[in-house]
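# Summary of the model geometry
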Amino acid sequence: MESTNPAESRGLSLPSRILIGLVTGAILGLALNVWVPEGPGQDRVIWWADNVAKPAGDIFLRMLFMVVVPLVFSSLVLGVAGLGSMNNLGRLGGRTLMWFVGTTAFAATIGLTLVNVMAPGEGLSAEVREQVMTQFAGDAQTRLDQAAAGTGFSIHTFVNIIPRNIFASASNERETLGVIFFALIVGIAITRIPSDRDRVFLDLLETIYEICAKILGFAMWLAPVGVFGLVFAVTAKLGIDVMRSLGAYVVTAVSGLLFYQFVVLPAFAYFLIGITPKKLFTGVRALMITAFSTSSSNATLPTTMKTAIENFDVPKPIAGFVMPLGATMNMNGTALFEGVTVLFLAQVAGVELSLGSQVIVIMMAVLTAIGSAGVPGGSLPLLTIVLSQVGVPPEMIALVIGTDRIVDMTRTMPNVTSDLLCSAWVAKHERRHATG
Ligand code: ASP
């Protein structure tokens, strides 16, 4: 995926231009939000956010989403077929899952610990609580309905991963797990048929993969303007009042996520993989900005794959195998956020969570982070399930919905950075296995 962008040859790299889009979008949006008085002035700002900035951002987002299904399918089939045997697949799959579950549980534990220490729920007045909950009751109901449509957690949750109709799964962005399952099975089946017959199909998939990579290149040309639009639309319309009343919660969640992104993950990278913080952050700059502005692991998937292969020397079959799984199943930031939010809402509701209940929260956070869709707000429906499991009224999610976008942007960064590190970790062990 080489850059064909003329601006780059003029010296300003793509990540730098995207960063400029991010910072100017945030500053301009916030400034107009804070300084333009309510009334016609503020209405005009909202008009610009809805009719100019948001559409520009959505065009960028859709260009990314557009390639997710063909990219997940082609890269996973090629990845599995490229591994050659069930033995290799088992070893790689085992390691990948070990990373997913281990880091996600660790992240959820950090979230819970933080809330226990900072107790952001205790200072919230009943009056603010009622006011915010009434304001977001409608949104909360939508999430509860989505959770109910998923029929909660049971054996069917696992059965439903196997798609009845692959085209139905492919056309629903909350059912990427179905596409993943299908691709894994196709990849395994390919290793079982004579190799002269699978070549044509694998060549075709290689071409599809290359085409997706090219489309990503086109999308990234739009990234500086797209990112500006997305961030401006969020900050210009940010409910500053809601932010202020829930300040302690937002600060706890965001600082926990930033701590995870800038301290915990670099420590994993250094001690488990041998990647220095400098190499890590130079390599993941574009990745972090894309995740932050899109709030979506799926939309960031093409960038995560490109980053792993080009900046961290992860072999293509390993990146092709780990990344699509990671985008849907590995969500460290989401688990941390769930830990923080469940305990915060329990504190506000006056529900005492025993140590045993907190361990249940960690386990549920891991499971629901695996089941959450890698789209903006993808974890909110499942969060309501965790709340009801531990006796916190699920409607209370209304309290945090108004501030969720900013927390979502922050949690998507560790979600994708952990996917990248997982692939580098698996690659390191595969090299060791090959030489040893
Ligand atoms: N937006 C997150 C992601 O795509 C999912 C979530 O936590 O809502 O990774």
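This structure is a prediction, so every number in the text was calculated from the model and none was measured.

### A short note on the overall build of the chain
For the chain, the count of helices and strands is 22 helices and 0 strands. Scaling as 2.2 N^0.38, a compact globule of 436 residues should have a C-alpha radius of gyration of about 22 Å, and the chain matches this with 22 Å. Oriented by its inertia axes, the alpha-carbon framework of the chain measures out at about 70 × 55 × 45 Å. Counting across all 436 residues of the chain, residues that qualify as buried make up 52%. Restricting to contacts in the chain with at least 6 residues of sequence separation, those with at least 24 account for 86%.

### Some words on the packing of aromatic side chains
In this structure the tally under the stated criterion is 10 aromatic pairs. The interplanar angle of 80° and the centroid separation of 5.9 Å between the aromatic rings of Trp47 and Trp48 together place this pair among those described as edge-to-face. Since its relative accessible area comes to 48%, Trp47 is described here as partly exposed. With 5.7 Å between their ring centres and 55° between their planes, Phe218 and Trp221 make a pair best called tilted. With Phe218 and Trp221 both in helix α11 (residues 195-237) and 3 residues apart, this pair spans about one turn of that helix.

### What about the side chain of Thr252?
In this fold, Thr252 is placed in helix α13 (residues 247-273). Apart from the residues lying within four places of it in its own chain, the contact partners of Thr252 are Leu114, Val115, Met118, Pro120 and Val340.

### Notes on a nonpolar patch on the surface
Together, Ile59, Phe218, Trp221 and Leu222 give the surface a local cluster of nonpolar side chains, amounting to about 390 Å² of exposed area. Looking at the nonpolar patch element by element, the count peaks at 3 residues for α11. As for its position among the elements, Ile59 is in helix α3 (residues 40-66).

### Re the packing of helix α18 (residues 332-349) against helix α20 (residues 380-389)
Across the interface, α18 lies against α20 with an axial gap of 10 Å and an inter-helix angle of 50°. Accordingly, the angle class assigned to the pair α18 and α20 is oblique. The chirality of how α18 crosses α20 is right-handed. The segment α18 lies against α20, with Phe337, Glu338, Thr341, Val342 and Leu345 engaging Leu380, Leu383, Val386 and Leu387.

### Brief notes about the packing of α3 against α11
At a closest axis distance of 7 Å, the pairing of α3 and α11 adopts a crossing angle of 150°. Classified by the interaxial angle, the pair formed by α3 and α11 is roughly antiparallel. The two elements α3 and α11 cross, and the hand of that crossing is left-handed. Looking at the contact of α3 with α11 residue by residue, the class counts come to 24 nonpolar, 4 polar and 4 charged.

### Structural notes on the site of the ligand
Around the ligand sit 15 residues in total, of which Ser297, Thr334, Asp408, Arg411 and Asn415 are the nearest. Residue Val375 places a main-chain N or O atom 3.2 Å away from a nitrogen atom belonging to the ligand. Of all the cavities here, the one that holds the ligand is the largest cavity. With 4 residues, helix α22 (residues 404-435) is the single largest residue contributor to the shell around the ligand. Grouping the constituent residues of the shell around the ligand by class yields 3 nonpolar, 10 polar and 2 charged.

### Details of the nonpolar core
Membership of the largest hydrophobic core comes to 129 residues, with the highest contact counts inside it found for Phe321, Phe344 and Leu399. Ignoring sequence-local partners within four residues, the contact set of Phe321 consists of Ser75, Leu76, Val80, Leu83, Leu89, Leu92, Gly93, Thr96 and Leu184. Counting residues in each nonpolar core, the second largest holds 6 residues, with Val45, Ala49, Phe232 and Ala236 among its members.

### Notes on the confidence of the model for the chain
In the predicted model, the chain carries a mean pLDDT of 88, and 96% of its residues have values of at least 70. Here residues 1-9 scores under 50 on pLDDT; set against residues more than four positions off or in separate chains, the count is 14 contacts.

### Structural notes on the pattern of salt bridges
According to the stated counting rule, one finds 9 salt bridges in the structure shown. With a shortest N-O distance of 3.1 Å, Arg199 and Asp203 are connected by a salt bridge. Placement of the pair is Arg199 and Asp203 together in helix α11, with a separation of 4 residues, close to one helical turn. With relative accessibility at 41%, the residue Arg199 sits in the partly exposed group. By relative accessible area, Asp203 is classed as partly exposed at 39%. With a shortest N-O distance of 3.5 Å, Lys316 and Glu210 are connected by a salt bridge. Of this pair, Lys316 sits in helix α17 (residues 316-329) while Glu210 sits in helix α11; the two residues are 106 residues apart in sequence, bridging distant segments of the chain. Look at Lys316 and you get partly exposed, because its relative accessible area is 35%.

The rules we used
For every chain, the first residue of the written sequence is number 1, and numbering continues from 1 onward in sequence order. Note on the predicted model: pLDDT of at least 70 is required for a residue's local features to be given, and 80 or more for side-chain atom pairs to be given and counted; whole-chain, interface and lining totals, by contrast, use all residues. Derived side-chain values reflect all non-hydrogen atoms in the structure, with water molecules and hydrogen atoms excluded from consideration. Helix and strand definitions follow DSSP, with helices as H or I runs of at least four residues and strands as E runs of at least two, each counted in order from the N terminus. We compute the radius of gyration over the C-alpha atoms and compare it with the globule rule, which gives 2.2 Å times the number of residues raised to the power 0.38. Only protein chains enter the accessibility calculation, which uses a 1.4 Å probe. A residue is then buried if its area is under 20% of the maximum for its type, exposed if over 50%, and partly exposed in between. For this analysis, residues touch if any pair of their heavy atoms sits within 4.5 Å. Classification of ring pairs uses Phe, Tyr and Trp, with its six-membered ring standing for Trp, and accepts pairs whose centres are within 6.5 Å; under 30 degrees between planes counts as stacked, over 60 as edge-to-face, and the remaining range as tilted. Only residues above 30% relative accessible area that lack a salt bridge enter a patch, with like-charged residues linked at up to 9 Å and the nonpolar side chains Val, Leu, Ile, Met, Phe, Trp and Tyr linked at up to 5 Å. With residues, only the protein chains shown are counted as cover, and all accessible areas are computed by Shrake-Rupley using a 1.4 Å probe. The salt bridge criterion pairs a side-chain nitrogen of Lys or Arg with a carboxyl oxygen of Asp or Glu, the two atoms within 4 Å. The convention used is that axes are lines fitted to C-alpha atoms, helices contributing only their stretch in contact, and that angles between N-to-C directions extend from 0 to 180 degrees. What sets the label is the angle itself: under 35 degrees gives roughly parallel, over 145 gives roughly antiparallel, 65 to 115 gives roughly perpendicular, and the rest give oblique. By convention the crossing between two helices is left-handed if the near helix lies anticlockwise of the far one by an angle smaller than a right angle, and right-handed if it lies clockwise. Under this grouping Gly is polar, as are all residues other than the nonpolar Ala, Val, Leu, Ile, Met, Phe, Trp, Tyr, Cys and Pro and the charged Asp, Glu, Lys and Arg. Proximity criterion: a residue is near a molecule or strand once any of its heavy atoms comes within 4 Å of it. N or O atoms closer than or at 3.5 Å make up a polar contact, with two conditions inside protein: a donor-capable atom paired with an acceptor-capable one, and, for residues adjacent in sequence, both atoms drawn from side chains. Cavities and pockets are defined on a 1 Å grid built over the protein atoms alone: a cavity is a set of grid points where a 1.4 Å probe fits but cannot escape, while a pocket is an open set with protein on both sides within 12 Å along at least five of seven lines, and lining residues are those with an atom within 4 Å of any such point. Being in a pocket or cavity means that more than half of the molecule's atoms lie within 2 Å of its grid points. Only buried Ala, Val, Leu, Ile, Met, Phe, Trp, Tyr and Cys residues count toward a nonpolar core, and they belong to the same one when joined by side-chain atoms within 4.5 Å. Every residue gets a pLDDT, meaning the predictor's confidence in that residue, from 0 to 100.

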